[in-house]
Amino acid sequence: MRKFSKEIKKVVIKVGSSSITHDNGKINLQKIDELCFEIANLKNQGYDVVLVSSGAIAAGRAKLNLKERPKETSDKQAAAAVGQVALTNIYDRSFVSYGYNSAQVLLTRTIEVDQEMRVNAENTFEKLLGMNVIPIINENDTISTYEIKFGDNDTLSAVIARMIKADLLIMLTDIEGLYTDDPRKNPDAKIIHEVVDINEVEGMAKETESNVGTGGMYTKIKAAKLAIEKDIEVVIGSGEKMKIIRDIVKGEEIGTYFKC
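Reading the values: rules and limits
- Residues numbered from 1 in each chain as written.
- Predicted model: local features only at pLDDT ≥ 70, side-chain atom pairs only at ≥ 80, totals over all residues.
- Heavy atoms only, no water.
- Helix = DSSP H or I, 4+ residues; strand = E, 2+ residues; numbered from the N terminus.
- Buried < 20%, exposed > 50% of the residue type's maximum accessible area, 1.4 Å probe, protein only.
- Areas by Shrake-Rupley, 256 points an atom, 1.4 Å probe, with all protein chains shown as cover.
- Lys, Arg positive; Asp, Glu negative; His and termini not counted.
- Charge placed at Lys NZ, Arg CZ, Asp CG, Glu CD.
- Phe/Tyr/Trp six-rings, centres within 6.5 Å; stacked < 30°, edge-to-face > 60°.
- pLDDT = per-residue confidence, 0-100.
- Contact = heavy atoms within 4.5 Å.
- UniProt positions renumbered as here; feature names shortened; annotations may be inferred.
- Polar contact = N/O pair within 3.5 Å; in protein donor to acceptor, adjacent residues only side chain to side chain.
- Pairing = 2+ DSSP bridges.
- Axes fitted to C-alpha atoms, helices over the stretch in contact; angles between N-to-C directions.
- Parallel < 35°, antiparallel > 145°, perpendicular 65-115°, else oblique.
- Nonpolar A, V, L, I, M, F, W, Y, C, P; charged D, E, K, R; others polar.
- Core = buried A, V, L, I, M, F, W, Y, C linked by side-chain atoms within 4.5 Å.
- Expected span 1.5 Å × (residues − 1).

Q: I'm lost on the overall build of the chain in this one. Help?
A: Each helix and strand in the chain was counted, giving eight helices and eight strands. Each of the 260 residues in the chain was classed as buried or not, and the buried ones make up 52%. For the chain, the exposed surface amounts to about 12,600 Å²; the carbon and sulfur share of it is 47%. Here the chain holds 35 positive side-chain charges and 39 negative ones, and the gap between their average locations is 2 Å.

Next up, the structure:
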């Protein structure tokens, strides 16, 4: 069993678009319901949980019958505006069925530099968690431009984890964790179960972009580094089965653990 360096009470969970969509880009309702079940079950055990979820553009793309992920910024923003409504409604229905209310919070990078906005966001998170509400965070793609974009929800999840003083950040992706090489191209690649010095693995991953989302292992390592700077434990694991969330919190040796 894995032993975290601190007691875990407050958890940020980040899911990418590929973890909650089908291969055709449409929202995977079963996966979202399983995710909501796992989060609700953590809440039932007394954990505070914040969810950072990608998928708005993918949901909008499906709803607008677009054949591929939009490339122009304005097209992405329009798809996100349509998709965010659909995505939030799906999450809320599932959470309500498990006895919890959810809240949508859309942010831009401005919260990192604008002290008033940052304090307002911190106060909002504190109140929502105090009311036993599950915040669902995403980047505000509709108004984001290059200057104020996080660019990926991996970075956003680390910023949120730092902001709410989380104990654990879980980033779910489409592979099992950090490997010595790309396992999709190199069958001899081996998973790295524990990283003690993150500086030693920074150069092991490249940026990637899939058909449904952005942010590969490179962005996750950068996000992990942001979290570790504030003594936040980090685990990167596969989002194929949402049961992984309970297993990670229990301390099972799943995925890649970045030790503080």
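Okay, back to it.
Q: Quick question: what am I supposed to make of the packing of aromatic side chains here?
A: Where two aromatic rings form a pair, the distance of their centres and the angle of their planes describe that pair. Here the structure, examined in full by the defined rule, presents three aromatic pairs. A ring pair is formed by Phe4 and Tyr257, whose centres lie 5.5 Å apart and whose planes are at 85°; its orientation type is edge-to-face. Residue Phe4 is located in the segment before β1 (10–15), and its partner Tyr257 is located in strand β8 (residues 256–258); the two are separated by 253 residues in the primary sequence. Since its relative accessible area comes to 12%, Phe4 is described here as buried. Judged by centre distance (5.5 Å) and plane angle (75°), the ring pair of Phe37 and Tyr98 falls under edge-to-face. With Phe37 in helix α1 (residues 29–44) and Tyr98 in the loop between α3 (73–97) and β3 (102–107), this residue pair connects regions lying 61 residues apart in the sequence. According to the relative accessible area criterion, Phe37 is partly exposed, its value standing at 33%.

Q: Where do I start with the confidence of the model for the chain in this structure?
A: Reading predicted coordinates in detail is not appropriate for stretches of low pLDDT. For the chain, per-residue confidence averages 89 on the pLDDT scale, and 94% of positions sit at 70 or higher. Segment residues 207–215: pLDDT under 50, and 25 contacts once partners within four positions in sequence are set aside and those in other chains are kept.

Q: What am I meant to see in the UniProt feature "binding site: substrate" (unreviewed entry) in the chain here?
A: Here, the residues flagged by UniProt with the feature "binding site: substrate" (unreviewed entry) are Ser54, Asp141 and Asn153. In sequence the annotated residues extend across 100 residues, while in space they remain close, none of their C-alpha pairs exceeding 11.1 Å. With respect to the secondary-structure elements, Asn153 resides in helix α6 (residues 153–163). Of the residues examined, Asn153 reaches a relative accessible area of 7% and is grouped as buried. The residues contacting Asn153, other than those within four sequence positions of it, are Lys14, Val52, Ser53, Ser54, Asn138 and Glu139. Within polar-contact distance, the side chain of Asn153 engages the side chain of Ser54 at 3.0 Å.

Q: How should I be thinking about the environment of Gly216 in this particular structure?
A: Tracing the backbone through its elements, the reader meets Gly216 in the loop between β6 (194–195) and α7 (217–228). Judged by relative accessible area, which is 7%, Gly216 ranks as buried.

Q: Please clarify how the sheet that holds β8 should be interpreted in this entry.
A: Strands pair in a sheet through their backbones, by hydrogen bonds, and they do so in one of two ways: parallel or antiparallel. Pairing in this open sheet of eight strands is mixed, and the strands run β3-β4-β2-β1-β5-β7-β8-β6 from one edge to the other. Two strands bound the open sheet, and with one partner strand each, they are β3 and β6. Relative to strand β5 (residues 168–173), β1 is paired through five bridges, and the arrangement is parallel. Residue pairing for β5: Ile13 is matched across the bridge by Ile170. Together, β1, β2 (48–53) and β4 (134–139) form the strand contacts of α1, whose direction differs from that of β2 by roughly 160°.

Q: Help me out: how do you make sense of the packing of helix α2 (residues 56–63) against α3 in this one?
A: Relative orientation and spacing of two packed helices are given, respectively, by the angle between their axes and the distance between those axes. The contact between α2 and α3 brings their axes to 6 Å, and the two run at 95°. As summarised for this structure, α2 and α3 are arranged roughly perpendicular, according to the angle between their axes. For the pair α2 and α3, the contacting residues are Ala56, Ile57, Ala59, Gly60, Arg61 and Lys63 in the first and Lys76, Ala79, Ala80, Val82, Gly83, Gln84, Ala86 and Leu87 in the second. Residue composition of the contact of α2 with α3, by class: eight nonpolar, three polar and three charged.

Q: I keep staring at the nonpolar core and nothing clicks. Help me out?
A: Among soluble globular proteins, nonpolar side chains are generally buried collectively. Among the nonpolar cores identified, the biggest contains 42 residues, and Val12, Phe125, Ile137, Ile160 and Phe258 are the most heavily contacted of them. Filtering out sequence-adjacent residues up to four positions away, Ile160 remains in contact with Val12, Val50, Val52, Leu107, Phe125 and Ile137. The next biggest cluster of nonpolar side chains, apart from the first, holds 34 residues, and it includes Leu35, Tyr47, Val49 and Leu168.

Q: Would you explain α7 in this entry?
A: Spacing of three or four residues puts side chains on the same side of an α-helix, whose turn is 3.6 residues. Its twelve residues place the ends of α7 16 Å apart at the C-alpha level, agreeing with the 16 Å of an ideal helix rising 1.5 Å per residue. Met217, Thr219, Lys220, Ile221, Ala223, Ala224, Ala227 and Ile228 are the residues of α7 that are buried.

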